[in-house]
Every structure is written in structure tokens, then in C-alpha cells.
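Now for the letters of each chain:
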Amino acid sequence: MVVPTHNRWEHLHRAALPAALGQRDVELEIIVVDDGSADETPQRLAEIADPRLRVLRSVSSEGVARARNRGIAAAQAPWVAFLDDDDLWSPLKLRAQLDALAAAAADYAYAAALFVDRAGTPLRLDPAPEPETVARALRGSDVVGGPSTVMVRTELARELGGFEPSLSVLADWDLWLRVAEVGRPAACREVLVAYHEHDDNMSAWAAPRVFAELDVLVARHALHGEVDGVRFTHWVAANQRRAGRRRAATRAYLRGAAGFRSPRLLMRGLAMPLGEGAMAIPARLRSLRGERSEPPPMPEWLHAYRAGPVGRACA
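A brief report on the enclosed structure follows. (Residues numbered from 1 in each chain as written. Predicted model: local features only at pLDDT ≥ 70, side-chain atom pairs only at ≥ 80, totals over all residues. Heavy atoms only, no water.)

So, about the sheet that holds strand β3 (residues 53-58). What the 3 strands build is an open sheet, ordered β1-β2-β3; its pairing is parallel. Bordering the open sheet on either side are β1 (2-5) and β3, each of which pairs with just one other strand. Ignoring strand direction, the axes of neighbouring strands in this sheet form an average angle of 20°. Examined bridge by bridge, β1 and strand β2 (residues 30-35) share 4 bridges and lie parallel to one another. Residue V3 lies in a different strand from β2, and its bridge partner there is V32. Together, β1, β2 and β3 form the strand contacts of helix α4 (residues 64-74), whose direction differs from that of β2 by roughly 145°. (Pairing = 2+ DSSP bridges. Helix = DSSP H or I, 4+ residues; strand = E, 2+ residues; numbered from the N terminus. Axes fitted to C-alpha atoms, helices over the stretch in contact; angles between N-to-C directions. Contact = heavy atoms within 4.5 Å.)

What follows deals with the side chain of Q23. Note that Q23 resides in the loop between α2 (16-21) and β2. A polar contact of 3.0 Å, which involves the side chain of Q23, links it to the backbone oxygen of A19. Not counting residues up to four positions away in its chain, the partners in contact with Q23 are M1, L28, W89, S90, P91, L92, K93 and L94. (Polar contact = N/O pair within 3.5 Å; in protein donor to acceptor, adjacent residues only side chain to side chain.)

Any two side chains of opposite charge can pair, given that their charged atoms come close. If you walk through the whole model with that rule in mind, you get 22 salt bridges. The partner of E197 in a salt bridge is R242, and the shortest N-O contact between them spans 3.6 Å. Here E197, found in the loop between β9 (185-196) and α9 (202-205), pairs with R242, found in helix α11 (residues 229-242); they are 45 residues apart in sequence, far enough to count as distant. Judged by its relative accessible area of 12%, E197 falls in the buried class. Relative accessible area serves as the criterion here: at 28%, R242 is assigned to the partly exposed category. Through salt bridges with shared partners, one network takes in E164, D174, R178 and R220. (Salt bridge = Lys/Arg side-chain N within 4 Å of Asp/Glu carboxyl O. Buried < 20%, exposed > 50% of the residue type's maximum accessible area, 1.4 Å probe, protein only.)

Right, dumping it as C-alpha cells:
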């Protein structure tokens, strides 16, 4: 598996490392690509005496796409999985995906995931799309999800050139589109991944360029008229709202409204400067009408990560 990181030991040692080292019923190599960290990450990684762990260090940061590609190039296993440094896995995540790949004679696998808050409480479910429709669905939005859900044949990832270095936030969607064009998919419908939502997510601080990245993605894959721009804009703006960046969220809504001709996004953009109270009015109205949505259930494996604010610490 490949775990890129940059100046995020606080996330890495509480989330990705325990998730990786805790995998069961599988032989694995854990390749942590330290993308030029200047915090305590290099020293702390050197203190971990586990033969499964390999650390590749860059003197300076080259970006997350190049970091993942460096890991792909170094991988010795026939399958490569990706794990972001702040995400969590079920202890049987890799075993379940290997079994699904074998059963379907597939080239890549993905899984259902939960979005969780800092305390590990489930917020919403990200289901695994149907294998029969995933290639088509990917042309509208990233239905596969972030890198942490995916396992792919190592040679296929190399043949396709890995992650596009000119992209950051959308580099995974770009690769899934290319993988889906030539590879056979397998889906794990059980929740095997938890995405941790916090204000340090890359999708939050990279908002100024995310619409430009979408333009690149559309051109690279001839997605004109196919991308669900309203959904994409809501995702961008939600990341900004979570980080407390009201102006950035407003700009995202208004840019999406203009680019995708959406009156709904325009209304959101006009309401955003008034604060979260105004933004919550539609949800409160739905609740008064009895349309309250319940949070998804917590899988049993996720309880083990709730000992700390992000997960169990890895010394």
C-alpha cells in the first residue's frame, strides 16, 4: 500500500499507520512516501521497528500525485492500495478487496465508505457504485471516491502512468477514469473505509484551484456536458464551510451558479454571507415536514478508532 504524507504526523500516527499496521489475514508492504516533511514525521517514522514498513523520503515537496507515483514505482506486490494519512480502514479492508478481485477476475476494486467527524462519529455514507455502471457514472462525478477506497493491479497503475502530476485534488478521479476505461471492476459494498473530515483536508485548502482542475479533467477526458457541476460545486463549497471560510464558500457557489447555470447554487451563494444560520434554513424546513435524515450506522470496526480525537495513536 502507498501512504503519502507531508507535515501531518498528527494525522499519520493516529489514523493511517494504525489502519495499515492493523490489517489482518494478508501479507503486505506499507510504503510511506514522506513528501519533504519538515515536522517530526521523518524522526518518528524512523523509530517504528516493523519490517512491513518502508519509508521513501523526498528532500522537498513534489506534490501528492508524484508522491503516490513514487510509491507505485517502488511497490513489489502485485496489487497496490492507497491510503491517505488521515483516513481509516477496517482491519479486513485489504483481505475483502483481494477476495472480491479474485471472485470477479477484476483489475481494480473499491469499497463503500463513511465520512466521519473528528470524534469518529458517522456523518454520511458514500456507497460503492455498481460495477456494471461505474465507468459511465465516473464521467459525471467521482463515484468511486478518494484514493483510500481503491486497490488496483500494480502493473496496470504503472502502464497508465499513475496519478497526473498537474492535478492534486482531482488526480484520483482522473486516474479512476483511466482505470475504468480498460480495467474490470469489483465492488465491496460493505463499509471498509472512513474518511476523516476536518479543516486540514486537502480539498479544503486547495479550493482556489479546484475549478481550474475540473476544466483540465473535462478536457482530458472529453467530459463536456457530462459532469454533474451542481454536485461538484456543493462539494467544493461544503469543504470551505467546514473550514470556516465563508467568503471562499460564497465564491464557490457563485462560480458554480454561473458555470453550470444553476439558480439553486445562486441562492446558496447569496445566502452564504449571512452565515450558517441562513444556510441551515432549508434543512430545518425539511425537519419540520418530517423529512429528517438519520446518520448512517457505525460499523463495528470503527469503534476501535474512537479512543482518541482521530484514532488510536501509533507510537
